[in-house]
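The primary structure of each chain is shown beneath.
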Amino acid sequence: NETVLSIDSLHVEYSTPGSNVRAVRDVSLDVARGETHGIAGESGSGKSTLALAILQYLGDNGSITSGTVQFNGTDLQELSESELRSLRGNDIAHVAQDAKSSLNPSLSVGEQVAETIQAHQDVSRSEAHQQAIEMLREVDIPDPEYNADQYPHELSGGQQQRVLIAMALSCSPELLILDEPTTGLDVTTQSKIVELIQDLKDEYETTIVLITHNLEIIAQITDRVSIMYAGELMEQGDVYSIFDDPSNPYTQGLLAATPEIGSDKAPTAIPGQIPDLTDLDDGCTFADRCAFATEECRTGSIAMETVADDHETRCRRWEAAVEDPIQPKRGTY
Ligand code: ATP
Ligand code: MG
């Protein structure tokens, strides 16, 4: 399968007064054409930073300190600012985590979608407006002719999210990056957005990177997943293999912290918190929170190891973790 996105040993830092935040460390991942790749992990684990690094859009204080990002074989760090602008509009679309707040409150949603279309295609205003209505229909906005004339505040949160997805899709991107597309929506609306993403994936065969801390959504719609913790990948590969046989204590902990549908078993949160990314110790970043950690976990750097076909883990104690998982294996995925 053709590789669309290839990230190799990527490191990203933010410089802040007096210290450097090492937000992404040694991340390698490949996404094949048509694949939906999930990125999961607790708040602060570097998911959004990874998305911004792919887009070469880290802002003033963020930078890639080493490693590469390739899109269809092109090293994106070699591109000029104008080449990157064109890439971001035409080839890679990104719906940012706080995107709803970036909708213009004083412009109707139809006009906003039409503007994006006109920014990327040489079409008349009325043609762009017509296409905008069609895009709104594609993302299941009810009565798109009517709603195109509404302002963002006149739409629900779920509908605003659909408008953003419509804008992202309006230039037929090869790669769509969605950062927390369902956060802040109620469960029913969440599942409708998930259905929409599933439909788009089936219809357009778009390659998707889906960032969410919701493991249930990861299980429902992704093919492969990267589990991030404190800037590093802890476990990566085929989603079934990882969810059925998590070999990293962190993934086991995340799964145990996910409420099980229809079960009265209470989810258990992972104790402790993410380490200070400006002052990291040697050894495994998860050691302080890990039930399996021994002295050997607190030295050197921990490498990714292959545990099964398309399944890698960053843990020296993975065999112990597989032998006697923190929580019993869960059958609901
Ligand atoms: P969430 O689930 O809350 O969205 P995330 O996994 O997306 O979290 P990031 O937003 O990538 O995490 O943040 C990773 C780390 O980088 C955090 O410690 C965060 O505080 C830090 N960080 C992010 N942006 C900046 C910035 N512009 N300057 C300094 N530090 C930053
Ligand atoms: Mg984020």
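Every value quoted in this text rests on a predicted model; they were computed, and no experiment measured them.

**Student:** What's the story with the site of ligand 1 in this structure? I'm lost.
**Tutor:** Close contacts around ligand 1 come from 15 residues, with Ser 43, Gly 44, Lys 47, Thr 49 and Gln 97 the closest. Lys 47 is positioned with one of its side-chain polar atoms (N or O) 2.7 Å from an oxygen atom of ligand 1. Protein contacts shield 67% of the accessible area of ligand 1, which totals 630 Å² for the unbound molecule. Listed by contribution, the elements that provide at least two residues to the shell around ligand 1 are strand E1 (3–16), strand E2 (19–32) and helix H1 (47–54). Of the residues belonging to the shell around ligand 1, the class tally is 4 nonpolar, 9 polar and 2 charged.

**Student:** How do you make sense of the sheet that holds E2 when you look at a structure like this?
**Tutor:** Two strands in a sheet stick together by hydrogen bonds in their backbones, pointing the same way (parallel) or opposite ways (antiparallel). The strand order across the open sheet formed by 4 strands is E2-E1-E4-E5, and the pairing between neighbours is antiparallel. Whereas interior strands pair on both sides, the edge strands pair on one side only; in this sheet they are E2 and strand E5 (74–75). When E1 meets strand E4 (residues 62–71), the two strands line up antiparallel, connected through 8 bridges. Each bridged residue has a counterpart across the sheet, and for Val 12 the counterpart in E4 is Ile 64. Strand contacts of H1: E1, E2 and E4, with the helix running at about 115° to E1, the strand carrying the most contacts.

**Student:** Would you mind going over helix H3 (residues 109–120) with me for this structure?
**Tutor:** Because an α-helix packs 3.6 residues into every turn, residues spaced three or four apart end up facing the same way. Given a rise of 1.5 Å per residue, 12 residues ought to cover 16 Å, and the 17 Å separating the end C-alpha atoms of H3 matches this to within 8%. Within the span of H3, buried status applies to Val 109, Gly 110, Gln 112, Val 113, Ala 114, Thr 116 and Ile 117. In this fold, the buried residues of H3 make contact with helix H4 (125–138), helix H5 (144–147) and helix H6 (157–169).

**Student:** How should the domain arrangement of the protein be read in this particular structure?
**Tutor:** Many descriptions give the size of an interface as the accessible area lost when the pieces come together. Along its sequence, the protein is organised into domain 1 (1–91 + 173–333) and domain 2 (102–172). Taking only C-alpha atoms into account, the centre of domain 1 sits 30 Å from that of domain 2. Listed as interface residues are 15 residues of domain 1 and, on the opposing side, 13 residues of domain 2. The tally of links between domain 1 and domain 2 comes to 0 salt bridges. Here domain 1 is connected to domain 2 by 1 residue pair in polar contact (both at pLDDT 80 or more). Those elements giving two or more residues to the side of domain 1 that touches domain 2 turn out to be helix H2 (81–90), strand E7 (175–179) and helix H7 (187–204). When residues in the side of domain 1 that touches domain 2 are grouped by element, the largest group, 7 residues, is from H7. Among the residues forming the side of domain 1 that touches domain 2, the class breakdown is 9 nonpolar, 3 polar and 3 charged.

**Student:** Whenever I open this one, the pairing of strand E10 (residues 232–238) confuses me. Can you help?
**Tutor:** In summary, the side chains of a regular strand alternate between the two faces of the sheet. Burial runs high along E10: 6 of the 7 residues are buried. Strand direction decides the pairing type here: strand E9 (residues 224–229) and E10, joined by 6 bridges, are antiparallel. Paired with Ile 227 across the bridge in E10 is Glu 235. Remark: 2 residues form the turn of the hairpin made by E9 and E10, two consecutive strands paired antiparallel; Ala 230 in that turn has positive phi of roughly 50°. Where E10 meets strand E12 (residues 311–313), 3 bridges bridge the pair, whose relative direction is antiparallel.

**Student:** Would you take a moment to explain the coordination of the magnesium ion (ligand 2) for this structure?
**Tutor:** Angles at a metal have ideal values that depend on geometry: 109.5 degrees with four tetrahedral donors, 90 or 180 degrees with six octahedral donors. Coordination of the magnesium ion (ligand 2) by the protein is provided by Ser 48 (OG) and Gln 97 (OE1), with metal-donor distances spanning 2.0 to 2.2 Å. With Ser 48 in helix H1 and Gln 97 in the loop between strand E6 (92–95) and H3, this pair connects stretches of sequence that are 49 residues apart. A residue is classified by how much of its surface remains accessible, and Ser 48, at 22% relative accessible area, is partly exposed. Judged by its relative accessible area of 47%, Gln 97 falls in the partly exposed class.

**Student:** Please explain the sheet that holds E10 as it appears in this structure.
**Tutor:** Strand order in the open sheet formed by 8 strands is E6-E7-E8-E3-E9-E10-E12-E11, with mixed pairing between adjacent strands. What marks the edges here is a single partner per strand, and that holds for E6 and strand E11 (305–308). Direction aside, the axes of adjacent strands within the sheet are offset by 20° on average. Strand contacts of helix H10 (residues 249–256): E9 and E10, with the helix running at about 100° to E9, the strand carrying the most contacts.

**Student:** Even after reading the chapter, I still don't get the nonpolar core, so can you show me in this structure?
**Tutor:** Side chains that are nonpolar tend, in soluble globular proteins, to be buried together. In this structure, Val 113, Val 163, Ile 165 and Leu 178 are the most contacted members of the largest nonpolar core, which totals 37 residues. Listed by contribution, the elements that provide at least two residues to this core are E6, H3, H4, H6, E7, H7, strand E8 (207–211) and helix H8 (215–221). The leading source of residues in this core is H6, at 7 residues. Split by domain, this core shows at least three residues from each of two domains, domain 1 (1–91 + 173–333) and domain 2 (102–172). If you look at the next biggest cluster of nonpolar residues, it comprises 31 residues, including Leu 10, Tyr 14, Val 69 and Val 209.

**Student:** How do you make sense of a negative patch on the surface when you look at a structure like this?
**Tutor:** Taken together, the side chains of Glu 138, Asp 140, Glu 195, Asp 199, Asp 202, Glu 203 and Glu 205 define an acidic patch exposed on the protein surface. When residues in the negative patch are grouped by element, the largest group, 4 residues, is from H7.

The rules we used
Residues numbered from 1 in each chain as written. Chains lettered and ligands numbered in written order. Predicted model: local features only at pLDDT ≥ 70, side-chain atom pairs only at ≥ 80, totals over all residues. Heavy atoms only, no water. Near = heavy atom within 4 Å. Polar contact = N/O pair within 3.5 Å; in protein donor to acceptor, adjacent residues only side chain to side chain. Areas by Shrake-Rupley, 256 points an atom, 1.4 Å probe, with all protein chains shown as cover. Helix = DSSP H or I, 4+ residues; strand = E, 2+ residues; numbered from the N terminus. Nonpolar A, V, L, I, M, F, W, Y, C, P; charged D, E, K, R; others polar. Pairing = 2+ DSSP bridges. Contact = heavy atoms within 4.5 Å. Axes fitted to C-alpha atoms, helices over the stretch in contact; angles between N-to-C directions. Expected span 1.5 Å × (residues − 1). Buried < 20%, exposed > 50% of the residue type's maximum accessible area, 1.4 Å probe, protein only. Domains from an automatic or database assignment. Salt bridge = Lys/Arg side-chain N within 4 Å of Asp/Glu carboxyl O. Donors = N, O, S within 2.8 Å, 3.2 Å for Na, K, Ca; no water. Core = buried A, V, L, I, M, F, W, Y, C linked by side-chain atoms within 4.5 Å. Patch = residues over 30% accessible without salt bridge, like charges linked within 9 Å, V, L, I, M, F, W, Y side chains within 5 Å. Lys, Arg positive; Asp, Glu negative; His and termini not counted. Charge placed at Lys NZ, Arg CZ, Asp CG, Glu CD.

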